[in-house]
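# Structural features, examined
Read off the chains here:
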Amino acid sequence: MSAVPELVRQLVTDGDPAQLLPAREQMAFTLGFHIVLVPFGVAFTFLMLVANYRGIRRGDAHALLLAERWSKVSAVLFAVGAVSGTVLSFELGLLWPGLMGRFGAAYGLPFAVEGIFFFLEAIFVAIYIYGWRRLSPWAHFWSGVPVPLSGLGGTASVVAANAWMNQPGGITLRDGRVVDVDPMGVFLNGAFWYEALHMFLAAYVVAGFVVAGVYAAGMLKGRLDRYHRLGFLISFTTAALVMPVQIFVGDVAAREVFAHEPAKFAAIEALPTTGTNVPEVLGGVLDHGQVRYGIPIPSGASILSGFSPSTRISGLDAVPAAVRPPDHLVNIVHLSFDVMVGSAFALLGLGAWFGWAWWRRRDLPASRWFLRAAMWAGAIAVVCLESGWVVTEVGRQPWTVVGLLLTRDAVTTEGNMWAFFAGAVAIYAAVGAAAVLVLRIMRRRWAAADGGGGGGDGGGGDVVGVPYGPGDESSSRTALP
Amino acid sequence: MSTVVAGGLLLGVLAYAVFGGADFGAGFWDLTAGGADRGRAARARIDHSLAPVWEANHTWLIYCLVVFWSAFPAAFAAVMTTMYLPLGLAAFGIVLRGSGFAFRKAVLRTSQQRLGGAAFAASSVITPFFFGAVGGGIASGRVPAGGHGDPVHSWLNPMSVLTGGLAVAVCAYLAAVLLAADARREGDGPLEAWFRRRAWLAAWFSGAMALGGLVGARADAPRLFGRLFGEALPLTALSVLSGGAALLLVRRASPRVVRYLAGGAVGALVLAWGSGQYPYLLGDHTTIESAAAPQSSLATLTAVFGLAVLLVVPSLALLYVLQQRAHLEDT
Ligand code: HDD
Ligand code: HEM
Ligand code: HEM
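Calculation criteria
Here the residue index of a chain counts from 1 through its sequence in written order. Each chain gets a letter, beginning with A, and each ligand a number, beginning with 1, in the order they are written. Given that the model is predicted, a residue must reach a pLDDT of at least 70 before its local features are reported, and side-chain atom pairs must reach 80 or more before they are shown or counted; all residues, however, enter totals for whole chains, interfaces and linings. Water and hydrogen atoms were dropped before computing side-chain values, which therefore reflect all heavy atoms in the structure. Starting at the N terminus, helices and strands are each numbered in turn, a helix being any DSSP run of H or I of at least four residues and a strand any DSSP run of E of at least two. The span one expects for a helix is its residue count, reduced by one, times 1.5 Å. A residue's bend is simply the angle between two axes: one fitted to the seven residues ending at it, one to the seven starting at it. By nonpolar core we mean a set of buried residues, namely Ala, Val, Leu, Ile, Met, Phe, Trp, Tyr and Cys, connected to one another through side-chain atoms within 4.5 Å. Burial status follows relative accessibility: with a 1.4 Å probe on protein chains alone, a residue under 20% of its type maximum counts as buried, one over 50% as exposed, and anything between as partly exposed. What makes two residues a contact is simply this: any of their non-hydrogen atoms within 4.5 Å. Only one rule defines a salt bridge in this text: a Lys or Arg side-chain nitrogen within 4 Å of an Asp or Glu carboxyl oxygen. Definition of a polar contact: a pair of N or O atoms within 3.5 Å, with one able to donate and the other able to accept a hydrogen when the atoms are protein atoms, and with sequence-neighbouring residues admitted only if both atoms are side-chain atoms. Amino acids are sorted into nonpolar (Ala, Val, Leu, Ile, Met, Phe, Trp, Tyr, Cys and Pro), charged (Asp, Glu, Lys and Arg) and polar (every other residue, Gly among them). Side-chain rings of Phe, Tyr and Trp, where Trp is taken by its six-membered ring, are said to pair if the distance between their centres is within 6.5 Å; with planes under 30 degrees apart they count as stacked, over 60 as edge-to-face, and otherwise as tilted. Counting as a charge over the ring demands two things of the Lys NZ or Arg CZ atom: a distance within 6 Å of the ring centre and an angle within 35 degrees of the ring normal. Two cysteine sulfur atoms form a disulfide, by the criterion used here, when they sit within 2.5 Å. Nearness is defined per residue: one heavy atom within 4 Å of the molecule or strand is enough. To obtain each axis, a line is fitted to C-alpha atoms, and for helices this fit is confined to the stretch in contact; angles are then taken between N-to-C directions over 0 to 180 degrees. Orientation categories follow fixed angle ranges, with anything under 35 degrees roughly parallel, anything over 145 roughly antiparallel, 65 to 115 roughly perpendicular, and all other angles oblique. Note on donors: an N, O or S atom is included if it sits within 2.8 Å of the metal, or within 3.2 Å for Na, K and Ca, and water is never included, so sites can look incomplete. Confidence scores here are pLDDT values: one per residue, from the predictor, ranging 0 to 100. Only residues whose relative accessible area exceeds 30% and that take part in no salt bridge are eligible for patches, with like-charged residues grouped when within 9 Å of each other and nonpolar side chains (Val, Leu, Ile, Met, Phe, Trp, Tyr) grouped when within 5 Å. Here the open area of atoms and residues is found with the Shrake-Rupley method and a 1.4 Å probe, where only the protein chains shown may cover a residue. Charge counting follows a simple rule: Lys and Arg are positive, Asp and Glu are negative, and His as well as the terminal groups are ignored. In this description, the location of a charge corresponds to atom NZ of lysine, CZ of arginine, CG of aspartate or CD of glutamate.

On to helix α13 (residues 295-324) of chain B. Residue and element names in this part refer to chain B. Taking 1.5 Å as the rise per residue, α13 with 30 residues should run 44 Å; its terminal C-alpha atoms sit 41 Å apart, in good agreement. By the largest-angle criterion, A308 marks the main kink of α13, which is about 35°. A positive phi of about 60° marks A326, the residue just after α13.

Attention shifts here to the nonpolar core. Of all hydrophobic cores here, the largest spans 205 residues; its most connected members are W70(A), L99(A), Y107(A), F232(A), F236(A) and F72(B). For this core, the element with the most residues is helix α4 (residues 97-130) of chain A, which contributes 22 residues. Residues contacting L99(A), with those up to four places away along its chain left out, are G104(A), Y107(A), M165(A), T400(A), V401(A), L405(A) and A410(A). If you look at the next biggest cluster of nonpolar residues, it comprises 43 residues, including A180(B), L191(B), W194(B) and V258(B).

Right, let's talk about the interface of chain B and chain A for a bit. With 63 residues of chain B at the contact, the number on the chain A side is 66 residues. Counting across the interface, chain B meets chain A through zero salt bridges. Here chain B and chain A share six residue pairs in polar contact (both at pLDDT 80 or more) between them. Secondary structure elements with two or more residues in the side of chain B that touches chain A: α3 (54-71), α4 (73-82), α5 (84-106), α6 (110-139) and α13 of chain B. Residues of the side of chain B that touches chain A, tallied by class, amount to 43 nonpolar, 15 polar and five charged.

For the rest of this paragraph, the subject is the packing of aromatic side chains. Residues and elements named next belong to chain A. Using the criterion set out here, one finds 44 aromatic pairs over all chains in the structure. Taking the centre distance of 4.6 Å and the plane angle of 70° together, the rings of F33 and Y428 count as edge-to-face. Residue F33 is located in helix α2 (residues 20-58), and its partner Y428 is located in helix α15 (residues 417-449); the two are separated by 395 residues in the primary sequence. On the accessibility criterion, Y428 (2% relative accessible area) is buried. The aromatic ring of W369 is capped on one face by R372, whose charged end is 4.6 Å from the ring centroid.

Moving on, we come to the state of the cysteines. Residues and elements named next belong to chain B. One pass over the structure, following the stated rule, counts zero disulfides over all chains. C171 forms no disulfide, and the closest cysteine sulfur to it belongs to C64, at a distance of 13 Å. Residue C171 is classed as buried on the basis of its relative accessible area of 9%.

Time to look at the site of ligand 3. Residues and elements named next belong to chain A. Taken together, 23 residues form the shell around ligand 3, and within it R24, L31, E393, R396 and Q397 come nearest. Within the side chain of E393, an N or O atom sits 2.6 Å from a nitrogen atom of ligand 3. Elements that contribute at least two residues to the shell around ligand 3 include exactly α2, α4, α6 (146-166), α13 (368-394) and β7 (399-401). Ranked by the residues each element gives to the shell around ligand 3, the list is headed by α2, at six residues. Residue composition of the shell around ligand 3, by class: 14 nonpolar, five polar and four charged.

Two elements in contact, α4(A) and α13(B), have axes whose closest approach is 9 Å; the angle formed by their N-to-C orientations is 10°. In terms of axis orientation, α4(A) runs roughly parallel to α13(B). Residue composition of the contact of α4(A) with α13(B), by class: 21 nonpolar, three polar and no charged.

Our focus in this paragraph is the coordination of the iron atom of ligand 2. Only one protein atom coordinates the iron atom of ligand 2: H34(A) (NE2), located 2.1 Å from the metal. The topology assignment puts H34(A) in helix α2.

Within the structure, ligand 2 sits among 26 residues, and H34(A), G41(A), G85(A), S89(A) and W389(A) are positioned closest to it. At the site occupied by ligand 2, the surrounding residues belong to chains A and B. Between ligand 2 and the protein, one listed contact pairs a nitrogen atom with a side-chain N or O atom of H34(A) at 3.0 Å. The separation between an oxygen atom of ligand 2 and a polar side-chain atom of T59(B) is 3.4 Å. For the shell around ligand 2, the secondary-structure elements that each account for two or more residues are α2, α3 (61-95), α4 and α6 of chain A together with α3 of chain B. Sorting elements by how many residues they give to the shell around ligand 2 places α3(A) first, with nine residues. Classifying every residue of the shell around ligand 2 by side-chain character gives 16 nonpolar, nine polar and one charged.

Right, let's get into unusual backbone geometry. Looking along the chain, the bond that leaves Q397(A) and enters P398(A) is cis, with omega of 5°. With respect to the secondary-structure elements, P398(A) resides in the loop between α13 and β7. Residues Y278(B) and P279(B) are joined by a peptide bond in cis, for which omega reads 0°. A positive phi is found at N277(A), a non-glycine position, where the angle reads about 50°. Counting through the fold element by element, N277(A) comes out in the loop between α10 (262-269) and β3 (280-282). Although it is not a glycine, S299(A) sits at a positive phi angle of roughly 55°. Within the element layout of this structure, S299(A) appears in the loop between β6 (295-297) and α11 (300-306).

Residue and element names in this part refer to chain A. Looking at chain A as a whole, the pLDDT averages 85, with 90% of positions reaching at least 70. Note that pLDDT drops below 50 for residues 453-466; the model gives that stretch 30 contacts with residues more than four away or on any other chain. Confidence over residues 469-481 falls short of pLDDT 50; this stretch has 20 contacts with residues more than four positions distant or in other chains.

Residue and element names in this part refer to chain A. Compared with the 51 Å implied by 1.5 Å per residue over 35 residues, the 49 Å span of α3 between its first and last C-alpha is a close match. Buried residues dominate α3, accounting for 32 of its 35 residues. Of the residues that open α3, the one with a side-chain oxygen 3.0 Å from the backbone nitrogen of H62 is D60.

Take a positive patch on the surface next. On the surface, K221(A), R440(A), R443(A) and R444(A) cluster together into a patch of positive charge. Looking at where K221(A) falls in the secondary structure, it is placed in the loop between α8 (192-220) and α9 (226-260).

Now the structure itself:
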């Protein structure tokens, strides 16, 4: 073990605390884990309610069965999301006491509001999940409605905190201390609207494509029954419809970053020197002030950011040397951005393929390649989400709060953070593996209940499993008190 | 204003101790319920009582954290830079507990169930212990105002170990009383007796830990000790009396009354600690007022409290009512 701290000392630049590198890695790892679960609390619960609504309105037993099963999946994922989010809250203090100690009075407030939404979400998720048997169908449906709504509120608040780190506002400082706080200024900071909206839509994209991918896989295995089709259609159409809006919002976000966070924008474009007629370089890496191996689109970046080739973009040379990100961080940001945009267009294309087929024939595209692509779309959406966050977080470096607090001054100076990080990785690996295992067991059990071949057409074990359904007298419903 | 917000924080700690504490305690009995067959009835009772509510109960912890760091940022950083070991371990314990519980609900096979259950149960002991130890360390002034206190002795000292043990015992007591009341409501006599015996055991143990803690406080936190028998005496007494009453009445009174008494005992204990420390936030060196964030932050937090009272409290009440009337059950 003693070799590790020595390695750290060599890796970090002079004067940085030894805790800086492990703390950043740990924050990135745990946030990256948590963020994958977020779409299931925010958006998957919405899909579940869509199925539930359809089931009650049209007496559609398949839709009700989907809703009930989805609620059980979301129960598992919600629990993992809640515990991993709790670790994040601890980490804000344990890893970044400099941030919380100095700016908690402002930066902490959005989290306090978030607390209310978490409460509501946890409460109504529980009522919904455990209310299938004993609540009347509509009372039960309405008990679920607060869940995606508080998901929206929770996303807005926590992203408000993140946006504040990018464009801090609403505080009065004296001698570096926060002496007054304007809560509205903190919440509705410059980056709030586009970041919150972009993340909110991302949740729908990810949840929709991941769920659709599960049913696409089933259809590829020959389960072409109505149950699988319905599960696919509800989730896939939601994601495909959100996709063009998301790209529009991303485009707005990019222009806002251009206008207000020039250093991050220079990193996104991997632009060494300020100038006009800046090309949009696809791929490529920055190496000693030169961009290599990329494919340049002449004047692309200038046109995209200011609608004219003469738009002037500040490069990395405009960033004071002391706070200029090193090449390798610039490359991470630049390539992550390319991954996000590239996968976004791939997903858009997939949605368009579907839209075309549906418009012509009211059916899925006939090609098996469509299902194969749809099966992978979930993973691509997750990659897109993660790379977007890498752009935001790494693109902010070396600042934690842009212009006000360097990451180096935010980090803790106590303890062996490598050990803490190792513990986090071990526990999260176990929890992640267990979650996958549990979901697979659930799926196998359901497939068995459906009689191997699939959901069937309302026959056999299917109907027995339908909530609010007939057949199971002991679970007859009682109205709400 | 700072006192109002500190009161809001204390209420959060109270709620977490009462609701989260019962969950942790149930985990403790789960751990000690014996082999797969012998412990089945007790475990099923625990699962049934906890499954719908544990997540909401757990959210009180988040509430405490966010209020603490927004209202008393520097003191929060001081606690975090001193107590990082127990707090980090407690956080890991929460991961194991929550996920172990959620997974066990979803999995049928006993061997897998047992694994999830073991994680759940073990973390039900370590998490309250560390939280209790941190509380003891703060009360005895072991967190310096500027933070960076002794990373080991701040929580590994006689007083903190006793408060940690007290937290574990109190959780176990609370859970046993509530589960006994639940079992009686369901007409399960043997299980009721099983939990009742354990409630008595935990009560004696809690009493011993509390006495030990008081001896520790007399040496380490004389001011707190004085106030527990001075200004805070009514609360201290209330805690002991209602705790005892819950034990005596668990066979006779309505389960709801038993619940209130047992919860009241734990709540009064937390309030006694809080008023014993008042007006200090950390030990007897950092006052609530001097540690507070600017007025505007405190005002915002007060508004958040108002929202919580309007939105969260009725929702929680709905959840508990549905749960108590058996409208929530596993499918
Ligand atoms: C599935 C999700 C998804 C998709 C399809 C896209 N993005 Fe994105 N993007 C995110 C998911 C995301 C994200 C993970 O949610 C981020 C991280 C922070 C944020 O606000 O959203 C993000 C951040 C982010 C940022 C940085 C904002 C900041 O740092 O303040 C920019 C400039 C873009 N995106 C631009 C785009 C463009 C031009 C896209 C399309 C062509 C695009 N995004 C598609
Ligand atoms: C973009 C970023 C984030 C979003 C959109 C988000 C959203 C959510 C959502 C929807 C949940 C509910 C559980 C679930 O659905 O799985 C959740 C749980 C949680 N998150 Fe996050 N989160 C984000 C990042 C963070 C960060 C940075 C923190 C803390 C520092 C955090 C702390 C928590 C906590 C404490 C919980 C558990 C709440 C409970 O007890 O139910 N999250 N998050
Ligand atoms: C949820 C998706 C997110 C991911 C994947 C993510 C990723 C990262 C990464 C990669 C870093 C390390 C940056 C570096 O290379 O130094 C980081 C740091 C950090 N992030 Fe995020 N982040 C996310 C969301 C958030 C949110 C919502 C918040 C707060 C509201 C947040 C707060 C922080 C803080 C405090 C740090 C440490 C300071 C710093 O290095 O700038 N992150 N995150």
